[in-house]
Amino acid sequence: MTTTDAAAPAVPAADDAREPVLSVRDMRVWYGTERGPVRAVDGVSFDVRPGETLGLVGESGCGKSTLGRGVLGLTPPGSAVDGEVLLRGTNLVELTPKELQKRRGPELGLIFQEPMTRLNPLMKISEQFEETLRTHEKGLSKQEIRERSLEALRGMGIPPSRYENYPHEFSGGMRQRIMIALALVLRPAFVVADEPTTALDVLVEAQIIKILADLRKNFDTALVLITHNLGIVAEACDRVAVMYAGHIVEQGDSREVFANPQHPYTKELLRSTISLSTTGLHYIPGSPPDLGNPPEGCRFHPRCPVAMRGCAVVEPPEVRLRSGVRSTCWHQAIEVDPSLADELGTDGREPLAAVKEISVADEA
Amino acid sequence: MPTKPDTDAATVAMDKRAEDPVEPETLVEIENLEVHFGLRGGLLSRMTGRGAGAVKAVDGVNLTLRKGEVLGLVGESGSGKTTLGRTLLGLNSPTSGAIRYRGEDIAQYGERQLRPLRRKLQMVFQDPHASLNPAMDIRTAVGHPLIIHNLVQDEADYEAKVVDALERVGLTPPERYLTKYPSDLSGGQKQRAVLARAIIAEPELLVADEPISMLDMSVRAKILQLMLDLKRDLDLTYVYVTHDLASAKFFCDNIAIMYLGRIVEYGPTEEVFADPKHPYTKALLAAIPEPDPNKAVPRDLPRGEIPDAARPPLGCSFHPRCPVALAGCGWEARDLRALLERRWLEMPVEEYAKEKALFADLTALGEPEVTRLSIAPGRGHTQEEVLEYLRNLREEGSAAQPREPFWSGVVAMQAEGGHVVLEFEQSRDPRLRLLPETGVQVACHLYDGTGDE
Amino acid sequence: MSKQSGSLRRYILTRIALAVPMVFILLVLVFVMMRVAPGDPIAASQGGKLSAVELAARRHAAGFDRPLYVQFWEYLKSVGTLNFGTTFSDNLSVRDVIIQRGGATLSLSLGALLVAIVIGVPVGLLAGRFRDRGIDVTGRLFAIVTYAAPAFVLGLLAQLAFGANGLGLLPTSGQSSLLVGLNVPTTTHILILDAAIAGDWSAVGDIAQHLVLPSVTLGLIIVGVFIRMIRVNVIQTLQGDYVEAARARGIKETAVVTRHAFRNALVPVVTVLGLQVAMLLGGSVLTEKTFNWPGIGQALITYINARDYAAVQGIVTVFALVVVVISMLIDFVNALIDPRVRY
Ligand SMILES: Nc1ncnc2c1ncn2[C@@H]1O[C@H](COP(=O)(O)OP(=O)(O)OP(=O)(O)O)[C@@H](O)[C@H]1O
Ligand SMILES: Nc1ncnc2c1ncn2[C@@H]1O[C@H](COP(=O)(O)OP(=O)(O)OP(=O)(O)O)[C@@H](O)[C@H]1O
Ligand code: SF4
Ligand code: SF4
Ligand SMILES: [Mg+2]
Ligand SMILES: [Mg+2]
C-alpha cells in the first residue's frame, strides 16, 4: 500500500530519529473457517522504535489480538501469516517455528489479559522464573537466576519473601505484575501487552499502567499496548494506531490523534467513550463487519456519518498529513491530493447517509 | 424502530435529573445491614468452631432509596457491591439488619413470603451470556416471569406482552427475535433481551450488576441510553452496581463508594465528584485515565491492593493504603511487615538479607489484629539491635516527605525480656456521618473531629 | 518453605480428624443395614437344621437377643479390636477370612492397577498430545473395546489364548500352583510378597505367572477409563492459558508439553485412580470367578448366599474402612501435588 505524503519529503519527521525495533509491512493474517477465510488482519504497516509505546485501539473483533499474536507467531493452527514482520531486519514470518521459539522470550514478549490463569498453578513462582531463564540463557548459576528473578520481581513491587509462593497465593493484580516480570526478566526488545489491565480494578490498573510507562524509560523496551480504554492510550502511549475491521485506519502521535482526530472512525470512537467529562451519550450505530465478508470500498462506510457515495465502491488510500498522522479516509486523501477525487467518480462525493439504515439487528 | 446513523439522533441530550419539587417517596430503606459468609477455608476450624472465620461481605450498611432514583454502588472487586445488591432483592439472606421495602421489613422473609415481591424487584447481571439459558428461545426466556408470576390469561396475551417488551428494548422487529436462541445474538442484543425479561413483569426496582462492563465500549452507551429510556417510560428505580466511576458519574443521582463491605462515602453524585472527601474516593478518582491528554496529570496512587476480606485490617479498612492515615486508624502488626517489605523492595539483595536477618520470624508479623507485638531478634542479633533499627526507621519515616503514617500509630516501642515490644494506638472504627452543610456522608476520622491531635 | 510444609502437615491432620466422623457414620449405616434385613440371622443360616431351643441358645450366644444399643456397642468393640467373631456357616474366624481372602484380592487389584497405569498413562498422554493422529485413533479404539468387553469375555479370551487348552503359556487358575501356595510362610498375606520375604524365588516366579492373566484382564477393564480421561485432560491443558503463556516465553515445545501439559493433566487422574482401586477391591468378583482366584469378592458372594451375617457384616465393615482410607490417601496425594488443595 502506498502512502501519499503531505509533508515536505526533505524534512525528516522527528519520530524517525531512531531505527525501529519492529517494522511491520503489509501484514496479513487469515483464519481458516468453514465459511471461508476470515481476514482478521488485512494489510497493516507500522513501526515501533526502542523505548516507544504504540497503543492499539478499536472495537471488539477488529483484529487487535490477532495482530499482536501474529507478530510473535502465536496464531492458532489453521491460520496463516503473510507480509513482513521485521525484527531488527529479520523477517519473522519466514522463520521456522523453532527459530521463532528461540526469539520468544529474549527478544519478543507477550503479556496477556487474564492474569489469573496464565501461571502454571502447580509450579512455584521461582520455578517458572528458573524455567524461563534456563531456556534462554544457558549456563546461569542457581544464584544468578535467583538474583535476576528477584530483581525483575522487585521492579514490579513483588517482595522477595514471596518468591517461593505458588500462583494461587497472589491476587489478580500481583499475578499480572508477576507475568510482566516474567516477560521482562529476559529484557526483550519488543513486548506486546494485550489488554493487560482489562480484568483488574481501577487502582491496580493505574499501578500497572504506571509500571508499563516506567518500563520504556528504564529498559528502552518497545511496547505495543492493546486496549479498549482510550484513557490508557492517552496516558501511557507515545503513538496510537486505530484499527477497524483488520485495517489500521489512523496512526500517529497520540496527543495529536486525541486532540485532532482525523479519521471519522477515530472521531466516533472518541465521542462514544464514557469518561468523567461525559455529559451526553453518543454511540456508533451498527457494529464492525464480519471479517469473512467485509463491505466493499471503505470498510467503515455503512457506519460512517460522513460517508460519500464513492466510499462504498473504492477503497481509500492512506495519506500522511502535515502533522505526521496517517489516515485512511477519502476526505483526508482529497485534502492532501485533490486530484485523487477523480477516483471516486462523477457523483462520488455526494453524501451516502440517505441510502442506509442500520437497525439494532446489526449491532454488536 | 431503526436507529438512523445520524449524529443528532445518536447524541441524546441528558435529562436525567429533571427537578421534582416534591420529595419523592422512599422505596427502600436499609438499616445496619450485615451479610456474612461462612469461610470455605479450614475443615478443622469449621468442625471445631475454632477460628471459624466469616467474610463480612456487607458490614453495617445504611441506605435510603427513593422512588425514581438511580443509586450507584461503586468500589473495587470484593467490596461487597454484588452482595448488597442481591440482598436488597432477597436473593441473599442477611445476617442482621433491616430492609424495608415500602415500609415492610423483608430482611427475614422466607422464599414464600418473597415470591409476590419478586415481581417488583428484578436484577440484571453482568454477563449477558450466562444469564440466558442457551436452550431457551427468546420468546420463552423473556416471557418466563409472566409464567412464574401468573400474569397472563392466554397465549395471545403472552405473545403481546413479550412483543411489547422486545419493542421497548429495541429488539425490533420483534418477530425476528422471538424464535432466536441466545447463541444467535451479539453481546449487546443479549443484554437487551435480559433487560426485556427484567421489565416484562413491570418491576419497580431494578438492580443492575455491572450491566455494561462485559460489553464492547461502542455498545455501552447504547445500553445505558436504553436503561435511561426504560426508567423514564416505566417509572423505574435503579441500583447501578459498577466499578466504573465514569459511567456512574453520568448515570447516577446518588453514589455510595464501598470498601471492604462498608460504605465509606455516600451522597449526591455531583457533590461527591466535585469534591471527594474520603481518601479512598480521592484515590479512585485520581486513578481514572483521562482520554484527553491535555487533562492528564501525573498522580500518586495508593500503595498495595484491596486486602483479604476474610482478614480485614483493624479500624478503618483503608488505613494500610491511606496516605493521610492518623494514629487511631487501626495500626497493627501486619502493617509493620508491609512497611518492611516495601522498604526491602528498594534495596540491593545483600542489604535486604542483612536487615531481614535481624528478625527471627517474619510470619509472626503477618497475623491479623495484633496490637501488642513482640518481636524476637534473629539468630546472632540482640533486642537492642532490633530496637535501634526500628528507631532509625521511625526517624526516617517521620522525616520523609510525605510522612510515613504508620509510625503515628506506634505508641510505645521498647526492649523487654529479649524481645522488642511494639504497642499500637487503640483503633477506632470510623462511622458514616453527614458532613455539615453538605449532603455527603463520610466514614473517615479526618472528618469526625477525632483526627485533630 | 517451612510455611508450606507446615500447612501440608496441618492439612493431613485435619483430614485424618475428619475421617473419624465419616467412619462412625459408615459403621452406623452398616450396622443398621444388617439389622433391617428381613429374617433372623441365626434362623436364616441355621433354620431347619437346629431345634428351637438350640436356635435360641445360639441366638443368645451371638447376642441377637440383646437390646440394639448393646449390640451396637458390641459391634463398635469388634471393629475396634478387629475381631468380628466366627462365621455362622463354616465356623471360621471372620478376621482370618478377611485377611486371607483380602490379601489375594489386594494383590490382584494392585496388579491390575499396575497394568492400567503402565498402559493407560502413556497411551492417554500420547493420544492427547497427538490428537487425531494414529496413536490417538488406535488408543481410543482400544479404550472403547476394552471398556465395552465384559470381564469374563476378556478373561475367557485370555484363557483360550494362553491357558492350558490354548498356547499353554500361562496358568489360568488360582493364585499359585498348589504346593507352592502351601509352602510359602505367611507374613503379609500377599502371597507374592510373602514368597519374596521368604527368599523363595521360584515361588515368586510361579505366583507372578499366576498373576499375569487375571491382572491384565482386570487392568484392561479399567484402562479404557484412564486413557480417555488422560487424553481429554491433555487436550484441555494444551489449550490452556498458562500453556500458551509458556509458549510466549519461548519455552521449548517438549518442555511445554511435558512440564506444563502432562503434569497438570495427571492431577485429576489421581482421584479417579483412587476410586478405581476402591472399586477393584469390591467389584472384581467376575474376574475372581473366571480365574478361580481366592479373593474376598467371591467369599462375600458365598456368605451372602448363605445369609451368614457375621461374615457379611465383617467384610462389609472392612470394605467401608478401606474406602475411607483410600479416599484419605487420594486427598493426601492430591495435596502433595496440587498446592491449591492445602488451605
Ligand atoms: N481462532 C479463530 N478462528 C476464526 N476466527 C477468529 C479466531 N480468532 C479470532 N477470530 C476472528 O478474527 C477477528 C479478530 O479477532 P481478534 O481477537 O483479533 O479481535 P480483537 O480486536 O482482539 O477483539 P477484542 O477486543 O474482543 O479482543 C474476529 O472477527 C474474530 O471473530
Ligand atoms: N456466596 C458466597 N460465599 C462466600 N463468600 C462470598 C459469597 N459471595 C461473595 N462472597 C465474598 O464476599 C465479598 C464480597 O463479594 P461481592 O461479590 O459482593 O463483591 P463485589 O463488590 O461485587 O466484587 P466484584 O466487583 O468482583 O463483583 C468477597 O470477599 C467475596 O469473596
Ligand atoms: S472513506 Fe468514506 S466511509 Fe470511509 S471513513 Fe472516510 S468518509 Fe467514511
Ligand atoms: S479513617 Fe480516614 S484517615 Fe484514617 S485511614 Fe481511614 S481513610 Fe485514612
Ligand atoms: Mg483481543
Ligand atoms: Mg460483583
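In this report, we go over the structure that sits alongside the text.

Reading the values: rules and limits
Residues numbered from 1 in each chain as written. Chains lettered and ligands numbered in written order. Predicted model: local features only at pLDDT ≥ 70, side-chain atom pairs only at ≥ 80, totals over all residues. Heavy atoms only, no water. Patch = residues over 30% accessible without salt bridge, like charges linked within 9 Å, V, L, I, M, F, W, Y side chains within 5 Å. Areas by Shrake-Rupley, 256 points an atom, 1.4 Å probe, with all protein chains shown as cover. Salt bridge = Lys/Arg side-chain N within 4 Å of Asp/Glu carboxyl O. Helix = DSSP H or I, 4+ residues; strand = E, 2+ residues; numbered from the N terminus. Near = heavy atom within 4 Å. Nonpolar A, V, L, I, M, F, W, Y, C, P; charged D, E, K, R; others polar. Pairing = 2+ DSSP bridges. Phe/Tyr/Trp six-rings, centres within 6.5 Å; stacked < 30°, edge-to-face > 60°. Buried < 20%, exposed > 50% of the residue type's maximum accessible area, 1.4 Å probe, protein only. Axes fitted to C-alpha atoms, helices over the stretch in contact; angles between N-to-C directions. Contact = heavy atoms within 4.5 Å. Polar contact = N/O pair within 3.5 Å; in protein donor to acceptor, adjacent residues only side chain to side chain. Buried area = accessible area lost by both parts, 1.4 Å probe.

### A few points about a nonpolar patch on the surface
A contiguous nonpolar surface patch, about 300 Å² in accessible area, is contributed by F24, I25 and L29 of chain C. Relative to the assigned elements, F24 of chain C resides in helix α1 (residues 2-36).

### With respect to the site of ligand 4
Ligand 4 sits among H278, P279, C316, H319, C322, V324, A325, C329, C444, H445 and L446 of chain B. In terms of residue class, the shell around ligand 4 is built from eight nonpolar, three polar and no charged.

### Examining the sheet that holds strand β5 (residues 104-105) of chain B
Residue and element names in this part refer to chain B. Taken in spatial order, the four strands make up an open sheet running β2-β1-β4-β5, and their pairing is antiparallel. Looking at which strands have only one partner, the edges of the open sheet turn out to be β2 (54-66) and β5. Relative to β5, strand β4 (residues 96-101) runs antiparallel, the two sharing two bridges. Opposite Y101, over in β5, you have E104 as the bridge partner.

### Considering the packing of aromatic side chains
The final tally for this structure, using the stated rule, is 19 aromatic pairs over all chains. With 4.5 Å between their ring centres and 55° between their planes, Y244 of chain A and Y265 of chain A make a pair best called tilted. With a gap of 21 residues between them, Y244 of chain A in strand β10 (residues 239-244) and Y265 of chain A in helix α9 (residues 264-272) connect regions that are remote in the sequence. The class for Y244 of chain A is buried, based on a relative accessible area of 2%. The class for Y265 of chain A is buried, based on a relative accessible area of 0%. With a centroid separation of 5.9 Å and 70° between ring planes, the pair formed by F359 of chain B and Y389 of chain B is classed as edge-to-face. Of the two residues, F359 of chain B is situated in the loop between α15 (349-356) and β11 (372-375) and Y389 of chain B in helix α16 (residues 383-399); the sequence distance between them amounts to 30 residues. Like F359 of chain B, the residue Y389 of chain B is buried in the burial classification.

### Here we look at the pairing of strand β7 (residues 108-111) of chain A
All names here are of chain A. Neither face of β7 is left uncovered, since the one carrying L108 and L110 and the one carrying G109 and I111 both have all their residues buried. In terms of strand pairing, β7 meets strand β8 (residues 190-194) through four bridges, oriented parallel. Bridging from a neighbouring strand, I111 pairs with A193 of β8.

### Remarks on the sheet that holds β11 of chain B
Residue and element names in this part refer to chain B. The strand order across the open sheet built from three strands is β11-β13-β12, with neighbouring strands paired in antiparallel fashion. Two strands bound the open sheet, and with one partner strand each, they are β11 and β12 (410-416). For this sheet, the mean inter-axis angle between neighbouring strands, taken without regard to orientation, is 15°. Of the strand pairs in this sheet, β12 and strand β13 (residues 419-424) are connected by six bridges, and their pairing is antiparallel. When the bridges of β13 are listed, V410 appears paired with F424. Along the sheet face, α16 touches β11, β12 and β13 and points at about 155° away from the line of β12.

### What to know about the site of ligand 1
All names here are of chain A. Around ligand 1 there are 15 residues in total, and S60, K64, S65, T66 and H228 lie nearest to it. Here an oxygen atom of ligand 1 sits 2.7 Å away from a polar atom, N or O, in the side chain of S65. Contact with the protein chains removes 65% of the 630 Å² of surface that ligand 1 exposes when unbound. Of all the elements in the fold, those that place two or more residues in the shell around ligand 1 are β2 (22-33) and α1 (64-72). At three residues, α1 tops the list of elements feeding residues into the shell around ligand 1. Split by residue class, the shell around ligand 1 holds five nonpolar, seven polar and three charged.

### Regarding the interface of chain A and chain B
At the junction of the two partners, chain A supplies 56 residues and chain B supplies 66 residues. A buried area of about 5600 Å², summed over both sides, lies between chain A and chain B, and 60% of it is on carbon and sulfur atoms. Seen at the junction of chain A and chain B, the total is zero salt bridges. At the junction of chain A and chain B, the tally comes to nine residue pairs in polar contact (both at pLDDT 80 or more). Elements with a contribution of two residues or more to the side of chain A that touches chain B: α5 (172-184), α6 (202-219), α7 (230-236), α8 (254-259) and α9 of chain A. Of the residues forming the side of chain A that touches chain B, the biggest block, seven residues, is contributed by α6 of chain A. In terms of residue class, the side of chain A that touches chain B is made up of 24 nonpolar, 19 polar and 13 charged.

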